[in-house]
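# Structural description and commentary
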Amino acid sequence: MAGNEDASRDAHKPRSKKQPPPPPFYIPLNITLYLFLAANTLAAIFSPIQDCDEVFNFWEPAHYLQHGYGLQTWEYSPVYSIRSWLYVALHATVGKIGSLVVHSKTAEFYTIRLCLAFLCTACQTRLYSAICRTLSPRIGLFFVMIVTLSPGMFHASTAFLPSTFTMYMSMLGLASFLDWKNSRKTAQGIMWFGLGTIVGWPFAGALIVPFLAEEAIVGMMSGSFGSLLYNVFDGIIRCLSILALEVAVDYAFFRKLVLVPWNIVAYNILGEKIVFRSHTTSLQTSLRSMTLVAPFYMWFGIFSVQPHKEERFMYPAYPFLALSAALSFHIILTYLGSTDRKEVIGRVPTKLKIAAAMSVVLVALNAGMLRTLGMVTAYNAPLKVLEPLQHVDIAHAEDSVCFGKEWYRFPSSYFLPNNMRAKFIRSEFRGLLPGEFPDSPSSLGRLDGASQIPSGMNDLNIEDPSKYVDISQCSFLVDSYFPGHEATELEPHYLLDKAQWETLSCASFLDASQTGLLGRLIWIPDLPVIPARFRRKWGEYCLLQRTVACHV
């Protein structure tokens, strides 16, 4: 009886609930999304345009598709056709939809940028989720810190550049190759990398090589090589579908069959413990580690040997750089966390190790923020000084705003009122300036205009005198003035010529030639306590209007 009573009591004991697995995220996904969105929105609003290629090769063609006029570079001539209209048309469509809500072209510009911020946020959040679930929540935490406070990501996140679009697709492709929760997403990964390669930048196809190599090795080791071939074939079919769409769109504009990705390549070349998946072996772990860090170093190597280098060329590799940094810091912290007294690191006081780790984090985070703030405060004047032109009592239809030595900082026709055109006057620059698309009031007319071969274009950067107008045709002029810089015959100090020009607006602009290295690298407050050699030196970036007397 006693035994039965004991059994009865055991049967009625409350069963302990099964403990849920630890959460895969140190920061919840919704909070991470808000962090990414905040950082990217700030970039959309405040980030200066880093490169004139962004304006002339992308913002201006998008403006042409929306408003029927804009500046045209030789890359869009059907003779060369090394820029795809599909990429531009996607952004112009966003701007067109935005114009139904906002009522100025400047607002359309920021609408497109904000949409890029949302897209970048979605891609970053997707990659963060994959990193946390397949690698480590701590690596995911480091990834968030690096990405949200990185000055490189600040510039890249909302730039209207194919390299930025490729960066988005690289994040999605990386997430697919990481995310093997249910089945390998090889075909999906190939599609994302393919989309970035075809619509964005063809060189980005190199980024997928380490992942396919790993897939092939794992497939041969596990005997699933046939399944891999099927997934690769599936991914290729998806990429060919994307390529067919791009060829069709470009045919409508160029009126001939072109493979823009090939044209671009031809022009540039011929001219805790990390648990990667359940039951992984040390060999597979090592292989996975090499696969994750290889894309950045491979990309870095490829572009290090190229004679022409720009920061935007590195945009597609930024997610891989951020992941490599997060992995490295995770490994270092794992080593520092050892309490084995037989090891030297195990005998170091814990508080000292924490202080050392935190000092590195704080220095890195503050350096990133100071760099970003320094760039915004130093170079965002071109996005501000044209604002007076929006006032109805200042600008008139068919007025021209001219650019001389500041031609490469023109922020695009989105910052000019309707029917106001940007023109170029002679300066010391002796290369090829952009021309103009044919005016086209209708959408069909714009297709016809894009297919026309413009005059005076070449791919050798040879100057075309027809791109200039006489300064007498300029109602407005944008120019910079840096004290101490000598004027020349072609680049006089227009700001000081009060008889010809009156100032409408000015903004401070960093005089890089007079500012020390530290002041060019990061933000330094303009306070008397800062030694003179460290202070940033300033010039003025101004919008000028021809005086009434000169109009008469």
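An unreviewed UniProt entry lists the protein under the name Mannosyltransferase, with Penicillium concentricum as the source organism. The UniProt entry for the protein carries the following text under Subcellular location (unreviewed entry): "Endoplasmic reticulum membrane". In UniProt, the protein has this text filed under Pathway (unreviewed entry): "Protein modification; protein glycosylation."

Moving on to the layout of surface pockets. Of the pockets and cavities examined, the second largest pocket occupies roughly 490 Å³. Residue assignment for the lining of the second largest pocket shows that the elements contributing at least two residues are α6 (137–149), α7 (151–156), α14 (318–336) and α15 (350–379). Split into classes, the residues belonging to the lining of the second largest pocket amount to 18 nonpolar, 4 polar and no charged.

So, on to the side chain of His155. Turning to its location among the elements, His155 is positioned in helix α7. When its relative accessible area of 5% is taken as the criterion, His155 is described as buried. Leaving out residues up to four positions away in the same chain, His155 has contacts with Ser47, Gln50, Glu311, Tyr315 and Met375.

Quick look at the packing of aromatic side chains now. What the rule picks out here adds up to 44 aromatic pairs. Here Phe56 and Trp407 contribute two aromatic rings whose centre-to-centre distance is 6.0 Å and whose plane-to-plane angle is 20°, an arrangement assigned as stacked. With relative accessibility at 4%, the residue Phe56 sits in the buried group. By relative accessible area, which is 12% here, Trp407 ends up buried. Between Trp407 and Tyr408, the ring centres sit 5.8 Å apart and the planes meet at 75°, which makes this aromatic pair edge-to-face. These aromatic residues form a ring-pair network of at least three members: Phe58, Trp59, Tyr87, Phe109, Tyr110, Phe160, Phe165, Tyr414 and Phe415. The ring of Tyr69 carries the charged tip of Arg421 above its face, separated from the ring centre by 3.9 Å.

Cut-offs applied
Residues numbered from 1 in each chain as written. Predicted model: local features only at pLDDT ≥ 70, side-chain atom pairs only at ≥ 80, totals over all residues. Heavy atoms only, no water. UniProt positions renumbered as here; feature names shortened; annotations may be inferred. 1 Å grid on protein atoms, 1.4 Å probe; cavity = no way out; pocket = protein on both sides within 12 Å on 5 of 7 lines; lining within 4 Å. Points joined across faces, edges and corners; volume = space filled by probe spheres on them. Helix = DSSP H or I, 4+ residues; strand = E, 2+ residues; numbered from the N terminus. Nonpolar A, V, L, I, M, F, W, Y, C, P; charged D, E, K, R; others polar. Buried < 20%, exposed > 50% of the residue type's maximum accessible area, 1.4 Å probe, protein only. Contact = heavy atoms within 4.5 Å. Phe/Tyr/Trp six-rings, centres within 6.5 Å; stacked < 30°, edge-to-face > 60°. Lys NZ or Arg CZ within 6 Å of the ring centre and 35° of its normal.

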